[in-house]
Amino acid sequence: MNKLPYRLHHNAYVAKNLEVTRAFYEDVMGMPLLATWCEKSELFGKERIYCHCFFGLKDESALAFFQFANPDDQKEFGPELPVSGFRHIALKVDKDHQQFLLKKLKEINYSTDKYYFLEHGYCNSLYVLDPDDLIVE
C-alpha cells in the first residue's frame, strides 16, 4: 500500500534567541505561538537542556525553533549556517497577505536590506531574513 504523509507537521530550526524569534514570527509574521516548553533529554550521548516554540500555519503545520541552555550545545547545533537563497522557508500567501506583511515591515522600520521582492514569472515573492538570517519567502 502506497501511503503518503497527510501534511508537513513541522520544520525545525535552532534560534539564537527564542524571544527575538517569537517576536518576529508572532508579532511581525502573524503566526500564532502554539506551544512553548523546555525539557532535559539525553541527545547524542549527552544530557541537554533546551526550549522550543511552535508557530502555527493555516493547515495546522508549524515552524519550530529551539534554543539550548548550554552555549556549547547551542554552538554544536546551530544556527550559524551560511546564508543561501536556496535554503529557505517558502510559505504560500495571497497577494493581500503579502502586501500586509510588506506594510508591517515598513511600519516597524525593519531594515530594508533584510527583505526584497523577486519576480519568478509564475509568482512574485517577498523574501525576508528572520533574526537568525533564515530566509522566509
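Model, not experiment: these values are computed from the prediction.

> Looking at this model, I keep getting lost on the packing of aromatic side chains. Mind explaining?
Here the distance between the centres and the angle between the planes together describe a pair of aromatic rings. What the rule picks out here adds up to 12 aromatic pairs. Relative to Phe77, the ring of Phe68 has its centre 5.0 Å away and its plane inclined at 20°; by these criteria the two rings are stacked. Residue classification places Phe68 among the buried residues on the basis of a relative accessible area of 10%. Taking the relative accessible area as the measure of exposure, Phe77 reaches 27% and is therefore partly exposed. Taken together, the ring pairs in this structure connect Tyr13, Phe24, Tyr25, Phe55, Phe65 and Tyr110 into an aromatic cluster.

> Sorry if this is basic, but what is going on with the layout of surface pockets here?
Rolled over the atoms, a probe as big as a water molecule pinpoints where empty space is left. Put simply, the largest pocket is a space of about 770 Å³. In this structure, the largest pocket is lined by 26 residues; those nearest its centre are Leu91, Lys92, Val93, Asp94 and His97. At 5 residues, the largest contribution of residues to the lining of the largest pocket is made by helix H3 (residues 95-107). For the lining of the largest pocket, the per-class residue count stands at 14 nonpolar, 6 polar and 6 charged.

> Just to check I follow, could you spell out the sheet that holds strand E1 (residues 10-14) for this structure?
Within a sheet, adjacent strands bond to each other through the backbone by hydrogen bonds, running parallel or antiparallel. Sheet architecture is open: 4 strands sit in the order E1-E4-E3-E2, paired in mixed fashion. At either end of the open sheet lies a strand with only one pairing partner, and these are E1 and strand E2 (33-43). Mean inter-strand twist for the sheet, computed between neighbouring axes without regard to direction, equals 25°. One ladder, built from 10 bridges, connects E2 with strand E3 (residues 46-56); its direction is antiparallel. The partner of Ser41 across the bridge, within E3, is Arg48. Across the sheet, helix H1 (residues 18-28) is in contact with E2, E3 and strand E4 (62-68); its angle to E3 comes to roughly 15°.

> Before we go on, may I ask you to explain the environment of Asn124 in this structure?
Secondary-structure assignment places Asn124 in strand E7 (residues 124-129). Look at Asn124 and you get partly exposed, because its relative accessible area is 39%. Taking the C-alpha atoms as reference, Asn124 lies 18 Å from Thr112; in sequence the two are 12 residues apart. Those residues within four positions of Asn124 in sequence are excluded, and the remaining contacts are Gln98, Phe117, Leu118 and Glu119.

What counts and what doesn't
- Residues numbered from 1 in each chain as written.
- Predicted model: local features only at pLDDT ≥ 70, side-chain atom pairs only at ≥ 80, totals over all residues.
- Heavy atoms only, no water.
- Phe/Tyr/Trp six-rings, centres within 6.5 Å; stacked < 30°, edge-to-face > 60°.
- Buried < 20%, exposed > 50% of the residue type's maximum accessible area, 1.4 Å probe, protein only.
- 1 Å grid on protein atoms, 1.4 Å probe; cavity = no way out; pocket = protein on both sides within 12 Å on 5 of 7 lines; lining within 4 Å.
- Points joined across faces, edges and corners; volume = space filled by probe spheres on them.
- Helix = DSSP H or I, 4+ residues; strand = E, 2+ residues; numbered from the N terminus.
- Nonpolar A, V, L, I, M, F, W, Y, C, P; charged D, E, K, R; others polar.
- Pairing = 2+ DSSP bridges.
- Axes fitted to C-alpha atoms, helices over the stretch in contact; angles between N-to-C directions.
- Contact = heavy atoms within 4.5 Å.

Keep in mind that these numbers describe shape and distance, not what the molecule does.
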